[in-house]
Amino acid sequence: MRSLTVLQAECAQLGVTVETKGRQNKEAWIVALRNHYWDQEYPAMPLPPQVQPMLLDDWQLLDHQAAEELESDHCGWIVQPKLDGVRVLLHVEENGVRITGRSVSDVTYRLTEHQDNLPHLVTGLEEVHGTILDGELVCPKDKVDTGSTVSASALQAAVAILGTRPENAQKIQNSNDVRLRLHVFDVLKYMGQDVTRTPLRDRLDLLVETIGKIHNESIEIVPTFVVNKRAVHERIIASGGEGTVWKRIDKPYEPRRRVRHWIKRKRSLEIEAFVSGFKPGSPGHGHSHLVGAVEFSVNNGAASEPIAWVSNLTDAERRAMTQHDDGRMVLSPKFLGRRAIIAGQDMAQKSQRIRHAKIKTWLAN
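Every chain is numbered independently, its residues counted from 1 as its sequence is written. Confidence filtering applies because this is a predicted model: local features only for residues at pLDDT of at least 70, side-chain atom pairs given and counted only at 80 or more, and all residues used for totals across whole chains, interfaces and linings. Water and hydrogen atoms play no part in the side-chain values, which are based on all heavy atoms of the structure.

Thoughts on the packing of aromatic side chains
The following threshold applies: Ring pairs shown here join Phe, Tyr and Trp side chains whose ring centres sit within 6.5 Å, with only the six-membered ring taken for Trp; geometry is labelled stacked below 30 degrees between planes, edge-to-face above 60, and tilted in between. Runs of H or I in DSSP of at least four residues are treated as helices and runs of E of at least two as strands, each being numbered from the N terminus. As a reminder, the over-ring test applies to NZ of lysine and CZ of arginine, requiring each to be within 6 Å of the ring centre and within 35 degrees of the ring normal.
Taken as a whole and assessed by the stated rule, the structure comprises seven aromatic pairs. Each ring, one from Trp38 and one from Tyr42, has its centre 4.3 Å from the other, and the planes form 35°; the classification is tilted. Plain terms: the ring middles of Phe296 and Trp362 are 6.0 Å apart, the flat faces sit at 40° to each other, and that makes the pair tilted. Of the two residues, Phe296 is situated in strand β13 (residues 291–300) and Trp362 in strand β18 (residues 358–362); the sequence distance between them amounts to 66 residues. A network of ring pairs unites the aromatic residues Phe185, Tyr253 and Trp262 as a single cluster. Directly above the ring of Trp59 sits Arg265, whose terminal nitrogen or CZ lies 4.0 Å from the centroid. A cation over a ring is seen here: Lys279 above Trp309, with NZ or CZ 4.3 Å from the ring centre.

As structure tokens, then:
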């Protein structure tokens, strides 16, 4: 998305007035531009709802105690499989069905819409008018011939199908027998009623009721597990799944917000490594005068090999690691070579470094 300065310049060029209060952010200018272009293209017609899904927090950001407490709780949280697809909202409206994504167009400033590429998902919904469902579009195969290339993963295939022209999207799905499926896991609006403030436990009941009224074999509900949640996660990982999402059942749905009561947990990786270098903090940030990130390496025969950069350090850790020598910032010698267990999501193929790495625990010298 464009910067605030660019958005302001575009509004000024178009003569669009934006009224803001307090701290300025991009949202007010995006809304103003969105309304302007919609009114030009569809005068006297109401703008369709521009709802963005709730965003997930990351399991890697939990400390060890918080993770253990969450795993041991058998009533306040549920677990659902995390699918490798494209997040969308399905809007069943009186005048048709819309399938909106998360990205906002730099041209119209509206959410991208995918229903033209997925005509098989807009049927059988007559009994649930006024409903908005949250879900994941998943391709049933990894390798799909898109006409220009062959996808290497289900996610890549889904993105290709959504990104091409509607006629080509339908051709790809029909010729490969890979119609995208919608796996739904939440409901924001039920039969005209906004249920986002309703606790998840009740929304799940409404979701089951909604699916019972839908007559479309390409739309299904994501399973929910309430006990043995750690075992469920491990079983999904062992079977090749991407991971799980952990959700508190007493919390509302908060569109657009990144919340701590939905937590994605993917396949994890842990490696023992030692500190081999550092980067200064970024200029203009609060810790620009301190260590910004620490490099960890592993021994590879006679040589060492960098394995991860860790930047999610506390201010106390940054101060302890930072030393100034004749006005020059250096890493404190007591940290250089210090060993720790590094945890992360997986190994990046290109850089061969751990993605989203963090220090799980320091080891005794």
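More follows now that the structure is in view.
Some thoughts on the sheet that holds strand β2 (residues 77–82)
We apply this condition: What makes two strands pair is DSSP finding at least two bridges between them. Here an angle of 0 to 180 degrees is reported between the N-to-C directions of two axes, which are lines fitted to C-alpha atoms, with helices fitted over the stretch in contact.
If you trace the four strands from one edge of the open sheet to the other, you get β1-β11-β10-β2, paired in mixed fashion. Of all the strands in the sheet, the pair left with one neighbour each is β1 (55–58) and β2. Strand-to-strand, the axes of this sheet are offset by a mean angle of 40°, without reference to chain direction. Taken together, the three bridges between β1 and strand β11 (residues 258–266) define a ladder with parallel strand orientation. In the sheet register, Asp57 faces β11, and the bridge partner there is Ile263.

Focus on the sheet that holds β13
Pairing within the open sheet is antiparallel, and its five strands lie in the order β14-β13-β12-β17-β18. Looking along the sheet, the strands with just one partner apiece sit at the ends: β14 (303–310) and β18. Neighbour to neighbour, the strand axes of the sheet diverge by 50° on average, direction disregarded. Bridge count between β13 and β14: seven bridges; the pairing is antiparallel. Paired with Ser297 across the strands is Pro306, a residue of β14.

Describing helix α4 (residues 154–163)
Formally: Partly exposed residues are those whose accessible area sits between 20% and 50% of the maximum for their type, while under 20% is buried and over 50% is exposed, using a 1.4 Å probe and protein chains only. Read the arc as the range of directions from the helix axis to the C-beta atoms. When checking whether two residues touch, look at their non-hydrogen atoms; a contact exists if any pair is within 4.5 Å.
Along α4, the positions that sit buried rather than exposed are Ala154, Ala157, Ala158, Ile161 and Leu162. When α4 is viewed along its axis, its buried side chains cluster within an angular range of 130° and face the same direction. Contacts made by the buried residues of α4 are with β3 (86–93), β6 (131–138) and α5 (166–176).

A short note on the packing of helix α1 (residues 4–14) against helix α2 (residues 26–41)
Counted only if it meets this: Take the far helix as the reference: if the near one is turned anticlockwise from it by less than a right angle, the crossing is left-handed, and if turned clockwise, right-handed. All residues other than Ala, Val, Leu, Ile, Met, Phe, Trp, Tyr, Cys, Pro, Asp, Glu, Lys and Arg, Gly among them, are scored as polar; the first ten of these are nonpolar and the last four charged.
Between α1 and α2, the least distance of the axes is 9 Å, while the angle of their chain directions is 35°. When you trace α1 past α2, the crossing you get is left-handed. Taken together, the residues of α2 that come into contact with α1 (itself represented by Leu4, Leu7, Gln8, Glu10, Cys11 and Leu14) are Lys26, Trp29, Ile30, Leu33, His36 and Tyr37. In terms of residue class, the contact of α1 with α2 is made up of eight nonpolar, two polar and two charged.

Thoughts on unusual backbone geometry
The phi dihedral of Asn228 falls on the positive side, at around 50°, and the residue is not glycine. Along the polypeptide, Asn228 turns up in the loop between β9 (219–221) and α7 (229–238). Despite not being glycine, Gln352 has its phi angle at roughly 55°, a positive value. Within the fold, Gln352 resides in the loop between β17 (339–344) and β18.

Considering the environment of Asp202
Within the secondary structure, Asp202 sits in helix α6 (residues 200–213). Using a relative accessible area of 33% as the deciding quantity, one classes Asp202 as partly exposed. Asp202 sits 143 residues away from Trp59 along the chain, and the two C-alpha atoms are 25 Å apart.

Considerations on the pairing of strand β12 (residues 269–280)
Looking at chain direction, β12 and β17 are connected through six bridges and run antiparallel. The partner of Glu270 across the bridge, within β17, is Ala343. Examined bridge by bridge, β12 and β13 share six bridges and lie antiparallel to one another. Bridging from a neighbouring strand, Pro280 pairs with Val291 of β13.

Regarding the nonpolar core
Our working rule: Among buried residues, those of type Ala, Val, Leu, Ile, Met, Phe, Trp, Tyr and Cys that are joined through side-chain atoms within 4.5 Å constitute a nonpolar core.
Counting residues in hydrophobic clusters, the biggest one holds 49 residues, and the most contacted among them are Leu90, Leu125, Leu137, Leu180, Leu182, Ile219 and Trp262. When contributions to this core are tallied by element, the ones reaching two or more residues are β3, β4 (96–104), β6, α4, α5, β7 (181–190), α6 and β11. Here this core gets six residues from one element, more than from any other, and that element is β7. Discounting chain neighbours no more than four positions away, the residues touching Leu180 are Leu118, His120, Leu121, Leu137, Val138, Cys139, Ala158, Ile161, Leu162, Gln173 and Ser218. Judged by nonpolar contacts, the second largest core, of 18 residues, contains Val294, Phe296, Val310 and Ile342.

Focus: the side chain of Thr196
The following threshold applies: Polar contact is the term for a pair of N or O atoms within 3.5 Å; when the atoms are in protein, one must be able to donate a hydrogen and the other to accept it, and sequence-neighboring residues count only if both atoms are side-chain atoms.
One can find Thr196 in the loop between β8 (193–194) and α6. Residue Thr196 is classed as buried on the basis of its relative accessible area, which comes to 10%. Reaching out from Thr196, the side chain makes a polar contact with the side chain of Asp194 at a distance of 2.8 Å. When residues no more than four places from it in sequence are discounted, the contact partners of Thr196 are Leu188, Arg203, Pro252, Tyr253 and Pro255.

Any functional reading would require information that these geometric values do not contain.
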